[in-house]
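Working through the structure, step by step
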Amino acid sequence: SLYRPNIKDSNILVESLIKLKKLEQLSLYCVECLSDDSLIKIIKNIGIQLCLLNLGGYMAIPNRITDDSIRQIAKHCRNLNSICFDLFSCSATLDPFQSVFEKSEFACKYESISLSACRNISPNLLSKIAVNCINLKKLDLSGLNQLVDN
């Protein structure tokens, strides 16, 4: 878990994390050097072994993490059972996760989903989570404007 590390060079972050071949849980909060490029490199190298992925605190650096990263997470992190995108104030819609949550073989693995303050999520994605993530024990959708009663 990294919270506000004083790492300015994303290459150091990437090279350090991809060496952790048994890492199952990765939490990155307020990591200023994190961008699509660095996150994609990390995910391509160790995504398959991750069970938990937490990303958050990007209020200060919007648009550095986009759906390009989300697409790679959906593609490479097929063993996740917990995902957390808290305070993830960026342009990502999380639409690439539709392919994960529409397939019960992947969706049923999820026990915890937190999408707090992800303002660009489509109602369709939320619907797929509600229908297919049958083993959820924790769901946090606080701060979402998309939750309506119609």
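The shown structure was predicted, so the numbers you read here are calculated from the model rather than taken from an experiment.

1. Focus: the sheet that holds strand S1 (residues 2-3)
The sheet built from six strands is open, its strands ordered S1-S2-S3-S4-S5-S6 with parallel pairing. On the outer flanks of this sheet lie S1 and strand S6 (138-140), each paired with one strand and no other. Note: strand S2 (residues 25-29) against strand S3 (residues 52-56), five bridges, orientation parallel. In the sheet register, Ser27 faces S3, and the bridge partner there is Asn54.

2. Notes on the side chain of Asn132
Topologically, Asn132 is positioned in helix H6 (residues 123-132). Within the local environment of Asn132, its side chain forms a polar contact with the backbone oxygen of Phe101, the two atoms lying 2.7 Å apart.

3. Here's the deal with helix H3 (residues 67-76)
Within H3, burial applies to Asp67, Ser69, Ile70, Gln72, Ile73 and Ala74. Residues of H3 that are buried sit in contact with helix H2 (36-46), S3, strand S4 (82-86) and helix H4 (98-101).

The rules behind each value
Residues numbered from 1 in each chain as written. Predicted model: local features only at pLDDT ≥ 70, side-chain atom pairs only at ≥ 80, totals over all residues. Heavy atoms only, no water. Pairing = 2+ DSSP bridges. Helix = DSSP H or I, 4+ residues; strand = E, 2+ residues; numbered from the N terminus. Polar contact = N/O pair within 3.5 Å; in protein donor to acceptor, adjacent residues only side chain to side chain. Buried < 20%, exposed > 50% of the residue type's maximum accessible area, 1.4 Å probe, protein only. Contact = heavy atoms within 4.5 Å.

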